[in-house]
Amino acid sequence: LSVATNFDPPTDTSMNAPLALVTGGAGFLGSHLCERLLDLGHRVIAYDDLSTGHRSHVDHLAHRPGFRLVVHDITQPLPDDPALAEVGRVFNLACPASPSKYQLDPVQTTLTSVLGIWHLLQLAERTGARLLQTSTSEIYGNPQVHPQVESYPGHVDPVGPRACYDEGKRCAETLCDAFRRQGRADVRIARLFNSYGPRLRPGDGRVVSNFVVQALRGEPLTVYGDGSQTRSFCYVSDTIDGLLRLMESDCSGPVNIGNPDERTVGDLADTVIRMTGSGSPIVNRPLPADDPVRRRPDIGLARERLGWQPEVSLEQGLGETIGYFRRELGLDVPLRKLA
Ligand SMILES: NC(=O)c1ccc[n+]([C@@H]2O[C@H](COP(=O)([O-])OP(=O)(O)OC[C@H]3O[C@@H](n4cnc5c(N)ncnc54)[C@H](O)[C@@H]3O)[C@@H](O)[C@H]2O)c1
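J.: Please give an account of the sheet that holds strand 1 (residues 19-23) that cites residues and values.
T.: Spatially, 3-2-1-4-5-6-11 is the arrangement adopted by the seven strands of the open sheet, whose pairing is parallel. At either end of the open sheet lies a strand with only one pairing partner, and these are strand 3 (67-71) and strand 11 (255-257). Taking each pair of neighbouring strands and ignoring which way they run, the sheet shows an average axis angle of 20 degrees.

Right, dumping it as structure tokens:
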């Protein structure tokens, strides 16, 4: 799938090409972003501690001129790397995104958001690089306003099981905005809603990869609660396109980047079963504490300021994702043609 972008590509891949730093560059979204930036003619340094990301996500980029992966934990001071002085764009994606992963070490998760952005903002202040923070719809918590608009301040429990992620991301937004208010850094804040696509990890606990892998293996699809809770799923190419447009816009945000096509989790399970041709049943399990009931972005601001809206339908994106997992898992389950 290729999605048009008005992000203006430099064509120079030599040492003069613009240099971007992508933290979390070996993760799901980060690896796609590195790839897109290289395609657009940028040089890219990826920092990643490989806690939820994998080298295999960027192995195919290793031979490309201008790409470098550095194993680094952003809770630690940045490495003494002279190349950092040349960085013009910093994309901060480092942070585990799946609840089952970010709850494993809540202290590290909180510090990744708070200390990580602190280190990167200081770099941006020192070098004049523009910094984009990937925030999240989770900052709205279990929202009492629907759909979620950027002006809604959220409904988050600061000591709930998701707080390490939600509050860490909220504090990172606060620090970015504080640097902006004081004229110390040029920042952009993107609030991402569920994104999915190839390179999600099987078994990392996200609903799309869970369902697709379970359906392809013929295992029961685990639906938490009665499946009536809603999510809005944005295909990865649309998400990356939104991030690039925001970075190059004059809008500091926060801006919601997500797909307003709201679906119940039960509907997603049915769609995955239909598209994989799987005979898997659905089993219901108790809803985890703090699980948001409804999620849908209001993307009016992104439409107006970035000229961005998602282009890939759920069925198209699921088709790509199912194809990816079939190859990854080496499973030979025929795809049923969509009616
Ligand atoms: N995918 C989504 O649906 C979604 C939604 C909202 C926000 N986001 C945000 O987008 C970013 C990327 O998410 P993703 O889905 O690609 O998740 P991911 O877990 O696949 O990627 C995160 C990457 O960050 C790395 N990382 C974690 N802690 C680090 C640290 N301390 N130092 C250096 N690297 C570290 C991991 O190894 C991984 O490669 C995250 O910040 C996440 O909060 C994602």
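J.: Quick one: what's the story with the pairing of strand 2 (residues 43-48), residue by residue and with numbers?
T.: For strand 2, a buried count of six out of six residues is recorded, marking the element as mostly surrounded by other parts of the structure. Here strand 2 shows no split at all, with R43, I45 and Y47 on one side and V44, A46 and D48 on the other all buried. Pairing of strand 1 with strand 2, which is carried by five bridges, proceeds in the parallel orientation. Looking at the pairing, T23 lines up with Y47 of strand 2.

J.: Account for the packing of aromatic side chains, naming residues and giving values.
T.: A full pass over the atoms with the stated rule returns seven aromatic pairs. Pairing W118 with F179 gives two aromatic rings, centres 6.3 Å apart and planes at 65 degrees, and the pair type is edge-to-face. Taken as a pair, W118 in helix 3 (residues 106-127) and F179 in helix 4 (residues 163-181) lie far apart in primary sequence, 61 residues in all. A centroid spacing of 6.0 Å and a plane angle of 20 degrees characterise the contact between Y140 and Y152, whose relative ring orientation is stacked. Of this pair, Y140 sits in the loop between strand 5 (130-136) and helix 4 while Y152 is found in the loop between strand 5 and helix 4, placing the two residues twelve residues apart along the sequence. For the pair shown, Y140 and Y152 are each scored as buried. Among the aromatic side chains, those forming a connected cluster through ring pairs are Y140, Y152 and F193. Cation over ring: R184 sits above F179, and NZ or CZ is 4.4 Å from the ring centre.

J.: Outline the site of the ligand, listing residues and values.
T.: Surrounding the ligand, one finds 30 residues, the nearest of these being D48, T52, Y165, S195 and R206. Between the ligand and the protein, one listed contact pairs an oxygen atom with a side-chain N or O atom of K169 at 2.8 Å. In the model, an oxygen atom of the ligand is placed 2.6 Å from a nitrogen or oxygen of the R206 side chain. In isolation the ligand has 820 Å² of accessible area, and contact with the protein removes 96% of it. Among the elements of the structure, helix 1 (28-39), helix 3, strand 5 and helix 4 are those that each provide at least two residues to the shell around the ligand. Among the elements that take part in the shell around the ligand, strand 5 stands out by supplying three residues, more than any other. Of the residues that constitute the shell around the ligand, the class distribution is twelve nonpolar, 13 polar and five charged.

J.: Mind laying out helix 3, listing which residues take part and the relevant values?
T.: With 22 residues, helix 3 should cover 32 Å at 1.5 Å per step; its first-to-last C-alpha distance of 31 Å lies within 8% of that length. Bending of helix 3 peaks at approximately 30 degrees at the position of T112. On its buried face, helix 3 is in contact with strand 1, strand 4 (87-92), helix 2 (99-102), strand 5, helix 4 and strand 6 (186-192).

J.: I'd love a proper account of the pairing of strand 6, names of residues and values included.
T.: For strand 6, the buried fraction is high: six of the seven residues fall into the buried class. Viewed along the sheet, the connection from strand 5 through helix 4 into strand 6 turns out right-handed. Sheet topology places strand 6 next to strand 11; three bridges connect them, and they run parallel. Opposite A190, over in strand 11, you have V255 as the bridge partner.

J.: I'd like a description of the environment of D261, backed by residues and values.
T.: Along the polypeptide, D261 turns up in the loop between strand 11 and strand 12 (262-264). Looking at D261, the relative accessible area reads 31%, which means it is partly exposed. Distance in space between the C-alpha atoms of D261 and G141 is 19 Å, their sequence separation being 120 residues. Those residues in contact with D261 that sit more than four places away from it in its chain are R231, S232, F233 and L314. A polar contact is formed between the side chain of D261 and the side chain of R263, at a distance of 3.0 Å.

Quick notes on the rules
Residues numbered from 1 in each chain as written. Predicted model: local features only at pLDDT ≥ 70, side-chain atom pairs only at ≥ 80, totals over all residues. Heavy atoms only, no water. Pairing = 2+ DSSP bridges. Helix = DSSP H or I, 4+ residues; strand = E, 2+ residues; numbered from the N terminus. Axes fitted to C-alpha atoms, helices over the stretch in contact; angles between N-to-C directions. Buried < 20%, exposed > 50% of the residue type's maximum accessible area, 1.4 Å probe, protein only. Phe/Tyr/Trp six-rings, centres within 6.5 Å; stacked < 30°, edge-to-face > 60°. Lys NZ or Arg CZ within 6 Å of the ring centre and 35° of its normal. Near = heavy atom within 4 Å. Polar contact = N/O pair within 3.5 Å; in protein donor to acceptor, adjacent residues only side chain to side chain. Areas by Shrake-Rupley, 256 points an atom, 1.4 Å probe, with all protein chains shown as cover. Nonpolar A, V, L, I, M, F, W, Y, C, P; charged D, E, K, R; others polar. Expected span 1.5 Å × (residues − 1). Bend = angle between axes of the 7 residues up to and from the residue. Contact = heavy atoms within 4.5 Å. Right-handed = clockwise from strand over helix to strand, strands pointing away.

Remember, this is a structural readout, not a statement about activity or role.
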